[in-house]
Amino acid sequence: MKRLIIPALFIIGVTGMVVDLRVSAQETVVSEASESAQQKTRLSEEIEQLNEIYRGQLLEYRQAEKQFEIDRDQYEQLETLAAITKVTESAKEAMRLRAQVMLTYFELMRVSLIAAENIDLTLETAVLQRVSAQQNWLNTHQEALSAATQREEFNQLADTFIARKPEFEEVYREANSLFLLGELQSVHNELIAVADDMTVAATESGKVSPQAFRETERAVDAVATELDELWGNLTTAIAERDTSSFYQRLAADTEATYSGLNKVISFLKELLRQL
């Protein structure tokens, strides 16, 4: 009797995703500000709900995967018709739940992208389209699973899912890179605003040395240059559909940017002490 072969199942986790809520830029009108606040709240609630659904579905999938492994081992020992029927059914259920949890994962990614602040809108649009493409593929995959009845069909569908893994991972890297750089950009923007306010206060007090101003300005400009370079590199990587190298370097690159941000904070503290 031919051995049932189902390639190893996998899930791409969301650990490490940086979620920072964003609303579209609007004119500074009170009614629009209120609407933006409401949209921000809705998105935050939706992300929280999706996270909860994802965790529950992931647990359900893992349980189904364990059951499949038990049934597969049983089949390999017995090779009976009943055993192969059971392992085929458990394989179908595990594959169905795998597609389901991945659909929820990409929906969480989609909503998080819409909610994220300080992200390049052109890059956001491009990645959102790619997220939708994964969702469409998974829906088609689920339909094929529902229609399949033979183990050979499940083997083929399992193979096509595994073959899709590089595409899933590429979209994950693209989205996560946007989240991380958006977070850095948010911190930088906030520090610029604080630095500007403190500079005005320091100028009015007349107690701060010109050197402190110059060092603060240099640090702010250096971080802005580093961020511009990171955004440019990410733009190229996304356009070429190859973020692997960029993502591998991202930790080191963002560490340098955070170092620059810490310098700005240090200079601001120095200004504060002199006031």
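Note that the structure is predicted; figures quoted are calculated from it, not measured.

Draft legend 1. Expanded view of the overall build of the chain. Helices and strands together make up the secondary structure of the chain, namely seven helices and zero strands. Listing each helix as α and each strand as β along the chain from the N terminus yields α-α-α-α-α-α-α. Counting only contacts in the chain whose residues sit at least 6 apart along the sequence, the fraction spanning at least 24 positions is 84%. Approximately 14700 Å² of the chain is accessible, and the part contributed by carbon and sulfur atoms is 51%.

Draft legend 2. Summary view of the packing of helix H6 (residues 210–239) against helix H7 (residues 244–274). Between H6 and H7, whose axes approach to 9 Å, the crossing angle comes to 160 degrees. Viewed along their axes, H6 and H7 adopt a mutual orientation that is roughly antiparallel. Crossing of H6 over H7 shows left-handed handedness.

Draft legend 3. Molecular detail of the packing of helix H4 (residues 151–163) against helix H5 (residues 165–205). With their axes 4 Å apart at the nearest point, H4 and H5 run at an angle of 35 degrees to one another. Packed against H4, whose contacting residues are Phe-161, Ile-162 and Ala-163, the element H5 presents Lys-165, Pro-166 and Phe-168 at the interface. Class assignment of the residues belonging to the contact of H4 with H5 gives a composition of five nonpolar, no polar and one charged.

Draft legend 4. Geometry of unusual backbone geometry. Even without being a glycine, Asn-118 presents a positive backbone phi close to 55 degrees. Within the secondary structure, Asn-118 is located in the loop between helix H2 (81–115) and helix H3 (121–147). Residue Asn-118 is classed as partly exposed on the basis of its relative accessible area of 31%. One non-glycine residue, Arg-241, lies in the positive phi region at around 55 degrees. Here Arg-241 shows up in the loop between H6 and H7.

Draft legend 5. Spatial organisation of the packing of aromatic side chains. Under the definition given, this model contains seven aromatic pairs. Aromatic side chains Tyr-54 and Tyr-105 sit 6.1 Å apart centroid to centroid with 45 degrees between the ring planes, which places their arrangement in the tilted category. Of the two residues, Tyr-54 is situated in helix H1 (residues 30–78) and Tyr-105 in helix H2; the sequence distance between them amounts to 51 residues. Neither residue differs from the other here; Tyr-54 and Tyr-105 are each classed as buried. Their ring planes at 70 degrees and their centres at 6.2 Å tell us that Tyr-172 and Tyr-247 sit as a pair that is edge-to-face. Within this pair, whereas Tyr-172 is found in helix H5, its partner Tyr-247 is found in helix H7, the two being separated by 75 residues in sequence. Overall, the relative accessible area of 14% leaves Tyr-172 in the buried class. Three or more aromatic residues link up through ring pairs in this structure, and these residues are Tyr-54, Tyr-105, Phe-106, Trp-137, Phe-161 and Phe-168. One cation-aromatic arrangement involves Arg-98 over Phe-161; the distance from NZ or CZ to the ring centre is 3.7 Å.

Draft legend 6. Representation of the environment of Ala-158 within the structure. Summarising the element assignment, Ala-158 is placed in helix H4. Overall, Ala-158 belongs to the buried group, its relative accessible area being 0%. Distance in space between the C-alpha atoms of Ala-158 and Lys-92 is 9.6 Å, their sequence separation being 66 residues.

Draft legend 7. Structural context of the pattern of salt bridges. Tallied over the entire structure, the rule returns eleven salt bridges. The partner of Arg-241 in a salt bridge is Glu-174, with the nearest N and O atoms 3.0 Å apart. Within this pair, whereas Arg-241 is found in the loop between H6 and H7, its partner Glu-174 is found in helix H5, the two being separated by 67 residues in sequence. A relative accessible area of 30% places Arg-241 in the partly exposed class. With relative accessibility at 0%, the residue Glu-174 sits in the buried group.

So, how was this worked out
- Residues numbered from 1 in each chain as written.
- Predicted model: local features only at pLDDT ≥ 70, side-chain atom pairs only at ≥ 80, totals over all residues.
- Heavy atoms only, no water.
- Helix = DSSP H or I, 4+ residues; strand = E, 2+ residues; numbered from the N terminus.
- Contact = heavy atoms within 4.5 Å.
- Areas by Shrake-Rupley, 256 points an atom, 1.4 Å probe, with all protein chains shown as cover.
- Axes fitted to C-alpha atoms, helices over the stretch in contact; angles between N-to-C directions.
- Parallel < 35°, antiparallel > 145°, perpendicular 65-115°, else oblique.
- Left-handed = near helix turned anticlockwise from the far one by under 90°.
- Nonpolar A, V, L, I, M, F, W, Y, C, P; charged D, E, K, R; others polar.
- Buried < 20%, exposed > 50% of the residue type's maximum accessible area, 1.4 Å probe, protein only.
- Phe/Tyr/Trp six-rings, centres within 6.5 Å; stacked < 30°, edge-to-face > 60°.
- Lys NZ or Arg CZ within 6 Å of the ring centre and 35° of its normal.
- Salt bridge = Lys/Arg side-chain N within 4 Å of Asp/Glu carboxyl O.

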